[in-house]
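What follows is the residue order along each chain.
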Amino acid sequence: MHITTKALVLRGVDYKESDKILTLFTQSQGKLTASARGCRRKGSAIAAGCQLLAWSEMVLYDYQGRWSVKEAAAERLFQGVRDDIARLALGCYFAEAAELLAVEGEENPELLSLILNSLHALDKMPEKPLPLVKAAFEWKAMALAGYEPLIDGCDVCGAEPPEEPRFHLREGVLHCAGCRGQVGEGISMPLSLQALSALRHIVYGDPKRLFSFRLEGEPLKQLADGAEAYLYTQLERGFRTLDYYKNLEISPLH
């Protein structure tokens, strides 16, 4: 069986002398694994389309339950991401998170659109701070994966807006500072009204306008710190690519 589909390369592992095993996020089949034979060979016609983070049109064929890449033509390589080590590290983190959250063989157009839009922001929106792009991706990805935060008002007393808002990482709910004792065990993080407004835009707003907000200073730090902590708490695991990105922040390359 052959299929023609557009796909984003989430991961590539070298195999044998000139092959790769790719994890693809496809439009028609969701996440799948495919072998790309000869793609590391000099002059390979499929080499560009099989690069990490390449958005490509591919012809895949299924032989005895295993997918292989027959053709791959790169449509977008997000060159601005590749040319900046911090943006590339962040893009790889988005890919690693999407690989975890996507289900093998199930279409997920919302998550695919999210990672493509996030890569576009890294590529073509240099005015957007990287922590803002990262936080928007994390909050939205969690919402799409079934971990949507409950942020309409205080989960305890219903106050809107909550008084001195806090976000409880384990319960995934908003609450007033004074209602903290009634939420349950675990960590609550401060979320200013500015940060809360941005979070509501991310979770409830038009996905095509995901990055159309401005935030800086302490509110941006609260939004970003909360996003990363919420993802870590709910998924109960870290990400190698995120560790690398954070190391770059601490010791930027010159």
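Please read these numbers as outputs of a predicted model, since none were measured by experiment. Throughout, a residue's number is its position along its own chain's written sequence, starting from 1. Per-residue local features of the predicted model are confined to residues with pLDDT of at least 70, and side-chain atom pairs are confined, for both listing and counting, to 80 or more; whole-chain, interface and lining totals are unaffected and use all residues. Side-chain descriptors were evaluated using all non-hydrogen atoms of the structure, hydrogens and water having been removed beforehand.

Colleague: Break down the sheet that holds strand β2 (residues 19–26) for me, citing the residues and quoting the values.
Modeller: A pair of strands is treated as paired once DSSP finds two or more bridges between them. Secondary structure counts use DSSP, requiring at least four H or I residues in a row for a helix and at least two E residues in a row for a strand, with both numbered from the N terminus. Around the barrel, five strands lie side by side as β1-β2-β3-β5-β4; this closed barrel has mixed pairing. Averaged over all adjacent pairs, the angle separating strand axes in this sheet is 50 degrees, with direction ignored. Across the face of the sheet, helix α2 (residues 85–101) comes into contact with β1 (2–15), β2 and β3 (30–36) while running at roughly 115 degrees to β1. Should any heavy atoms of two residues lie within 4.5 Å, those residues are counted as being in contact. To obtain each axis, a line is fitted to C-alpha atoms, and for helices this fit is confined to the stretch in contact; angles are then taken between N-to-C directions over 0 to 180 degrees. Lying over the sheet, helix α3 (residues 109–124) contacts β1, β2, β4 (55–63) and β5 (66–76), oriented at roughly 65 degrees with respect to β1.

Colleague: If you had to explain the packing of aromatic side chains to someone new, which residues and values would you point to?
Modeller: Whether two aromatic rings pair depends on their centres lying within 6.5 Å, for rings of Phe, Tyr and Trp, where Trp uses its six-membered ring; planes under 30 degrees apart make the pair stacked, over 60 edge-to-face, and the rest tilted. Applying the stated criterion across every chain, the model contains six aromatic pairs. With centroids separated by 6.1 Å and ring planes inclined at 45 degrees, the aromatic side chains of Y93 and F94 adopt a geometry described as tilted. With respect to burial, Y93 and F94 carry one shared label: buried. An aromatic cluster of at least three residues, connected via ring pairs, comprises Y93, F94, F137 and F239. Counting as a charge over the ring demands two things of the Lys NZ or Arg CZ atom: a distance within 6 Å of the ring centre and an angle within 35 degrees of the ring normal. Just above the ring of F239 sits the side chain of R237; from NZ or CZ to the centre is 4.4 Å. Buried residues are those whose accessible area, probed at 1.4 Å on protein chains only, stays under 20% of the maximum for their type, while exposed residues exceed 50% and partly exposed ones sit between those limits.

Colleague: Account for the sheet that holds strand β6 (residues 166–168), naming residues and giving values.
Modeller: With respect to topology, three strands assemble into an open sheet ordered β7-β6-β8, the strand pairing being antiparallel. Each edge of the sheet is formed by a strand with only one pairing partner; in this case those strands are β7 (173–175) and β8 (188–190). Strand-to-strand, the axes of this sheet are offset by a mean angle of 30 degrees, without reference to chain direction.

Colleague: Let's hear about the pairing of β5: which residues, and what values?
Modeller: With two bridges connecting them, β3 and β5 associate as parallel partners. Across the sheet, A34 pairs through a bridge with W67, a residue of β5. Where β4 and β5 come together, nine bridges link them in antiparallel fashion. Paired with Y63 across the bridge in β5 is R66.

Colleague: So what about the pairing of β2? Which residues, and what values?
Modeller: Counting buried positions along β2 yields six of eight residues, so the element is predominantly enclosed. Bridging between β1 and β2 involves eight bridges; their strand directions are antiparallel. Paired with L8 across the strands is F25, a residue of β2. As judged from the seven bridges shared by β2 and β3, these two strands associate in the antiparallel manner. Considered in β3, the bridge of L24 is made with L32.

Colleague: Go over the pattern of salt bridges, please, and point to the residues and values.
Modeller: Here, a salt bridge means any Lys or Arg side-chain nitrogen found within 4 Å of an Asp or Glu carboxyl oxygen. Summed over the entire model, instances satisfying the criterion amount to 12 salt bridges. The residue D225 makes a salt bridge to K221 at a minimum N-O spacing of 2.7 Å. A residue pair is termed a helical-turn pair when its members lie 3 or 4 positions apart in one helix, as D225 and K221 do in helix α6 (residues 217–235) at four residues. For K221, a relative accessible area of 47% puts it in the partly exposed group. In this structure, K246 engages E228 in a salt bridge whose closest nitrogen and oxygen atoms are separated by 2.5 Å. You can see K246 sitting in helix α7 (residues 240–250) and its partner E228 sitting in helix α6, a full 18 residues away along the chain. For K246, a relative accessible area of 32% puts it in the partly exposed group. Several salt bridges share partner residues, and in doing so they unite K134, E138, E228 and K246 into one network.

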